[in-house]
Amino acid sequence: MSEQSSFQIKLRRAGGVGANTNWHWEVQDASGKVVKSGSAVGPEHKAFATARIAKEKLEAAGK
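Calculation notes
Residues numbered from 1 in each chain as written. Predicted model: local features only at pLDDT ≥ 70, side-chain atom pairs only at ≥ 80, totals over all residues. Heavy atoms only, no water. Core = buried A, V, L, I, M, F, W, Y, C linked by side-chain atoms within 4.5 Å. Buried < 20%, exposed > 50% of the residue type's maximum accessible area, 1.4 Å probe, protein only. Helix = DSSP H or I, 4+ residues; strand = E, 2+ residues; numbered from the N terminus. Contact = heavy atoms within 4.5 Å. Pairing = 2+ DSSP bridges. Axes fitted to C-alpha atoms, helices over the stretch in contact; angles between N-to-C directions.

A.B. asks: I would appreciate a short explanation of the nonpolar core in the present structure.
C.D. replies: One recurring pattern in soluble globular proteins: nonpolar side chains tend to sit buried together. If you look at the biggest cluster of nonpolar residues, it comprises 6 residues: Phe7, Ile9, Trp25, Val27, Ala51 and Ala54. At the level of elements, strand S2 (22–28) and helix H1 (44–62) are the ones that each hand at least two residues to this core. Apart from residues no more than four positions distant in its own chain, Ala54 is found in contact with Trp25 and Lys36.

A.B. asks: Please clarify how the environment of Val17 should be interpreted in this entry.
C.D. replies: Within the secondary structure layout, Val17 lies in the loop between strand S1 (8–15) and S2. Taking the C-alpha atoms as reference points, Val17 and Gly42, 25 residues apart in sequence, are found 8.6 Å from one another.

A.B. asks: In this structure, what is going on with the sheet that holds S2? I would like to understand it.
C.D. replies: Sheet strands associate in pairs through backbone hydrogen bonding, adopting either a parallel or an antiparallel arrangement. The sheet built from 3 strands is open, its strands ordered S1-S2-S3 with antiparallel pairing. Strands at the two margins of the open sheet, each flanked by one partner only, are S1 and strand S3 (34–41). Strand-to-strand twist in this sheet, taken as the mean axis angle between neighbours without regard to direction, amounts to 20°. Examined bridge by bridge, S2 and S3 share 7 bridges and lie antiparallel to one another.

A.B. asks: How do you make sense of the pairing of S1 when you look at a structure like this?
C.D. replies: For a regular strand, side chains alternate in direction, first toward one face of the sheet and then toward the other. With 7 bridges joining them, S1 and S2 adopt antiparallel strand pairing. By the bridge assignment for S2, Leu11 is matched with Trp25. Connecting S1 to the next strand, S2, in antiparallel fashion are 6 residues, including Gly16 with a positive phi near 80°.

Here you go:
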């Protein structure tokens, strides 16, 4: 069975349109405290992938 992560990703649009859309992402712990944040420009799926990589690095460091 896979282990449930204690981190979650929050993604919101900060401005722009199309290829120039600016996204702000946060990785939060179980209590809702922001552990890491950043921004990305481009499509939503690329911004989410950037946040997912940060989340995976946090999970690996915590083990």
